[in-house]
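The chain contents come next:
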Amino acid sequence: MNVKKETIYQNLRDEIMDLVKRQDTYSLAAYTLTISIWAFALEAKNAWVSLLPLFLLIPLSLRVADFRYSVVFLSAFMGVFFEEKSNDGWEYVRESYYSIQEKIIKNKLDLKNYDINSNDVYFKRKNRVLSLLSKLTFTMLSIISIAIFWSLNEFNINVTDSHVLNWVILVVQILIVVLQIYIAIKYRDMTNLKHKLINDWSVVYKELYGISIENKEINQNEKR
């Protein structure tokens, strides 16, 4: 099968775009379903209904995390197999951006050498707190669902004379929130994961072609 490199590259880009759209669709579905359940629970004053989002958000967040991983997985593959280390290669330029950013943050690069006004701030990191909170949206939805549950029960469950049920419910809620936090933190920063995947794909490239990515680039430059 003779398929042009450009065709495969474009197909993979289209697949990445589809994964991003599906991620957004799942996130929007999570928000819509959760808010609808809250409204019904508050109107019916049924605390147990307010817990339904907890069991919806876990599979949805896992699915979104899988989409995020797939995007990075494919982009790392494209960076190794389809893009050359040149100023025209998105993956190469992107990796260079983070490499230069890291040097500046660690004061290993003097911006004065580039005739840049050193009084300005360059390559500033995203706010870590806001970055983390943006990934904790499903967790916050779960916490709000739990708050609605306990508020509707006036922070007390009188289903049984024993307090065992209260503790079981509380432990399950805590476990779900902890799992949500773990998923959010695990897939918060995909840059580090991408570095690892690029290294993995580089090993695969060498196994398939018997030459490292670095040597491939050197050979290509010599031919030019």
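So, how was this worked out
- Residues numbered from 1 in each chain as written.
- Predicted model: local features only at pLDDT ≥ 70, side-chain atom pairs only at ≥ 80, totals over all residues.
- Heavy atoms only, no water.
- Helix = DSSP H or I, 4+ residues; strand = E, 2+ residues; numbered from the N terminus.
- Buried < 20%, exposed > 50% of the residue type's maximum accessible area, 1.4 Å probe, protein only.
- Areas by Shrake-Rupley, 256 points an atom, 1.4 Å probe, with all protein chains shown as cover.
- Expected span 1.5 Å × (residues − 1).
- Contact = heavy atoms within 4.5 Å.
- Core = buried A, V, L, I, M, F, W, Y, C linked by side-chain atoms within 4.5 Å.
- Salt bridge = Lys/Arg side-chain N within 4 Å of Asp/Glu carboxyl O.
- Phe/Tyr/Trp six-rings, centres within 6.5 Å; stacked < 30°, edge-to-face > 60°.

The subject of this paragraph is the overall build of the chain. Across its full length, the chain holds eight helices and zero strands. Helices and strands in the chain line up, N terminus first, as α-α-α-α-α-α-α-α. Here the chain holds 224 residues, and 34% of them are scored as buried. Entry remark: accessible area of the chain is about 15100 Å², with carbon and sulfur atoms responsible for 59%.

This part is about helix H5 (residues 137–152). In this model, H5 (16 residues) spans 23 Å end to end at C-alpha, consistent with the 22 Å of a helix rising 1.5 Å per residue. Residues of H5 that are buried include every one of Phe 138, Thr 139, Leu 141, Ser 142, Ser 145, Ile 146, Ile 148, Phe 149 and Trp 150, and no others. Turning to H5, the residues buried within the fold contact helix H1 (5–44), helix H2 (52–81) and helix H6 (164–186).

The next subject is unusual backbone geometry. The phi dihedral of Lys 45 falls on the positive side, at around 55°, and the residue is not glycine. Within the element layout of this structure, Lys 45 appears in the loop between H1 and H2. Residue classification places Lys 45 among the exposed residues on the basis of a relative accessible area of 68%.

Considering the arrangement of structural elements, one finds Trp 201 in helix H7 (residues 190–209). Its relative accessible area of 16% is what places Trp 201 among the buried residues. For the pair Trp 201 and Phe 81, spaced 120 residues apart in the sequence, the C-alpha separation amounts to 8.1 Å. Filtering out sequence-adjacent residues up to four positions away, Trp 201 remains in contact with Phe 73, Ala 76, Phe 77, Val 80 and Phe 81.

The next subject is the nonpolar core. Within the largest apolar cluster, 19 residues are counted, with the highest numbers of intra-cluster contacts made by Leu 12, Phe 77, Val 80, Phe 81 and Trp 201. Contributing elements (two or more residues each) for this core: H1, H2 and H7. Per-element tally for this core: the top contributor is H2, with nine residues. Discounting chain neighbours no more than four positions away, the residues touching Leu 12 are Leu 74, Phe 77, Met 78 and Phe 82.

So, on to the pattern of salt bridges. By the definition in use, this model includes two salt bridges. With a closest N to O distance of 3.8 Å, Asp 18 and Arg 22 form a salt bridge. Of this pair, Asp 18 and Arg 22 both sit in helix H1, four residues apart, which is roughly one turn of that helix. For Arg 63, the salt bridge goes to Asp 66, with nearest N and O atoms at 2.9 Å. With Arg 63 and Asp 66 both in helix H2 and three residues apart, this pair spans about one turn of that helix. Look at Arg 63 and you get partly exposed, because its relative accessible area is 30%. Here Asp 66 falls in the partly exposed class, since its relative accessible area comes to 35%.

Turning to the packing of aromatic side chains, a few remarks are in order. A complete count under the given rule lists 14 aromatic pairs for this structure. Seen in terms of ring centroids, Tyr 9 and Phe 82 are 6.2 Å apart; in terms of plane orientation they differ by 55°. Their pairing is tilted. Of the two residues, Tyr 9 sits in helix H1 while Phe 82 sits in the loop between H2 and helix H3 (90–105), which places them 73 residues apart along the sequence. For the ring pair Phe 77 and Phe 82, a centre distance of 5.5 Å and an interplane angle of 70° mean the geometry is edge-to-face. One exposure class covers both Phe 77 and Phe 82, and it is buried.

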